[in-house]
Amino acid sequence: MIGYYDYTVVLTYLSMLSATTGIMLCLNDIGHPYLGMFFLMFCGLCDAFDGKVARTKKNRTEQMKQFGIQIDSLSDLVAFGVLPACIGIAMLRSSIEFSIFPDFKFLHLADKSTVIKIVLTVIAVFYALAAMIRLAYFNVLEEERQKTEGGGVNKTYIGLPVTSSALVFPTILLIHIFCNADLTLLYFVFLAIVGFLFVSQIQFKKPTMKGILIMISIGLVEAAALAWIFIVMKKQ
């Protein structure tokens, strides 16, 4: 078979599988818009460690390294570009009955004008496009940097990393649940803002290992809170 299948790419493959599953579950007839959030956060967890795991193998060939870079970006596009956009679109399908989940309030798109429908769809598409542009652009820059500088690690990001969506959008979900209000439009506002930040020139400091662990801890707390709401709260 073509490709590579050692332990250095396992987390990237798992992230891709998780993202694809999340898209399917939040868009099909028996799914729920927020089911995709659990898979989005799992993708973020995989992404936090996939590079570090890959670098533990010292005898990787140049082809293996390039393969890892390419599949990481492709996986990130699906996980942090397409999946959040699909979750937003799924939130608009408010006519679906979700009897096994808490009673969320969603935007009744059928009651809105065609202009609003088009605008929200364009925002979701723009978000996915911005994620693709960012990933492709920095793939090119990283390849050039590796040739000229011989590696090393940058200390800042230009623009917001796509992986930030794994924390931003689950946070909106938690606010949505606890305030028991329709935050569908807020979700799309953040899709537009985050999409813009993906391709902006704004510099963000790269987190240290301590910062990464803090973000992972926040993600785990969010996942636990969502699980409690979906499983325990519904039974009450």
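Residues numbered from 1 in each chain as written. Predicted model: local features only at pLDDT ≥ 70, side-chain atom pairs only at ≥ 80, totals over all residues. Heavy atoms only, no water.

1. A closer look at the nonpolar core
- Formed by 40 residues in total, the largest nonpolar core has its most connected members in Met 37, Ile 87, Phe 169, Tyr 187, Phe 188, Leu 191 and Phe 198.
- Every element with two or more residues in this core is listed here: helix H1 (10-27), helix H2 (35-54), helix H3 (62-91), helix H4 (114-149), helix H5 (165-179) and helix H6 (184-198).
- Here the element with the most residues in this core is H3; it accounts for 9 residues.
- Filtering out sequence-adjacent residues up to four positions away, Phe 169 remains in contact with Met 37, Leu 40, Pro 84, Tyr 127, Tyr 187, Phe 190, Leu 191 and Val 194. (Core = buried A, V, L, I, M, F, W, Y, C linked by side-chain atoms within 4.5 Å. Buried < 20%, exposed > 50% of the residue type's maximum accessible area, 1.4 Å probe, protein only. Helix = DSSP H or I, 4+ residues; strand = E, 2+ residues; numbered from the N terminus. Contact = heavy atoms within 4.5 Å.)

2. Notes on the confidence of the model for the protein chain
- Mean pLDDT for the protein chain: 83, with 81% of residues reaching 70 or above.
- Between the elements of the protein chain, mean pLDDT differs from a low of 79, seen in helix H7 (residues 209-232), to a high of 94, seen in H6. (pLDDT = per-residue confidence, 0-100.)

3. Some remarks on H1
- Over its 18 residues, H1 runs 26 Å from end to end, which matches the ideal 26 Å to within 8%, given 1.5 Å per residue.
- Those residues of H1 lying buried are Thr 12, Ser 15, Ser 18, Ala 19, Gly 22, Ile 23 and Cys 26. Along the axis of H1, the buried positions cluster into a sector of 135 degrees, meaning they face one direction only. In H1, those exposed residues whose orientation departs by more than 90 degrees from the buried face are Leu 17 and Met 24. (Expected span 1.5 Å × (residues − 1). Arc of directions from axis to C-beta.)

4. Description of a nonpolar patch on the surface
- Taken together, Tyr 7, Val 10, Leu 14, Leu 17, Phe 42 and Leu 45 make up a surface patch of nonpolar side chains, about 510 Å² in accessible area.
- Going through the elements one at a time, H1 and H2 are the ones with two or more residues in the nonpolar patch.
- Sort the elements by how many residues they give to the nonpolar patch and H1 lands first, with 3 residues.
- Position of Leu 14 among the secondary structure elements: in helix H1.
- Since its relative accessible area comes to 34%, Leu 14 is described here as partly exposed. (Patch = residues over 30% accessible without salt bridge, like charges linked within 9 Å, V, L, I, M, F, W, Y side chains within 5 Å. Areas by Shrake-Rupley, 256 points an atom, 1.4 Å probe, with all protein chains shown as cover. Salt bridge = Lys/Arg side-chain N within 4 Å of Asp/Glu carboxyl O.)

5. Examining the packing of H2 against H3
- Two elements in contact, H2 and H3, have axes whose closest approach is 10 Å; the angle formed by their N-to-C orientations is 155 degrees. Judged by the inter-axis angle, H2 sits roughly antiparallel to H3. You can see that H2 and H3 cross each other, and the crossing is left-handed. Where H2 abuts H3, its residues Gly 36, Met 37, Phe 39, Leu 40, Cys 43, Gly 44, Asp 47 and Asp 50 lie against Asp 72, Asp 76, Ala 79, Phe 80, Leu 83, Pro 84 and Ile 87.
- When grouped by side-chain class, the residues that make up the contact of H2 with H3 number 9 nonpolar, 2 polar and 4 charged. (Axes fitted to C-alpha atoms, helices over the stretch in contact; angles between N-to-C directions. Parallel < 35°, antiparallel > 145°, perpendicular 65-115°, else oblique. Left-handed = near helix turned anticlockwise from the far one by under 90°. Nonpolar A, V, L, I, M, F, W, Y, C, P; charged D, E, K, R; others polar.)

6. So, H2
- Taking 1.5 Å as the rise per residue, H2 with 20 residues should run 28 Å; its terminal C-alpha atoms sit 29 Å apart, in good agreement.
- Maximal helix bending in H2 amounts to about 25 degrees, located at Ala 48.
- Those residues of H2 that fall on the buried side of the exposure criterion are Gly 36, Met 37, Leu 40, Met 41, Cys 43, Gly 44, Cys 46, Asp 47, Ala 48, Asp 50 and Ala 54. (Bend = angle between axes of the 7 residues up to and from the residue.)

7. Here's the deal with the packing of aromatic side chains
- Considering all chains together, one arrives at 7 aromatic pairs under this definition.
- Here Tyr 137 and Phe 138 contribute two aromatic rings whose centre-to-centre distance is 5.3 Å and whose plane-to-plane angle is 90 degrees, an arrangement assigned as edge-to-face.
- Judged by relative accessible area, Tyr 137 falls into the partly exposed class, the value being 48%.
- Using a relative accessible area of 27% as the deciding quantity, one classes Phe 138 as partly exposed.
- Site record: aromatic cluster; members linked through ring pairs are Tyr 127, Phe 169, Tyr 187, Phe 188 and Phe 198. (Phe/Tyr/Trp six-rings, centres within 6.5 Å; stacked < 30°, edge-to-face > 60°.)

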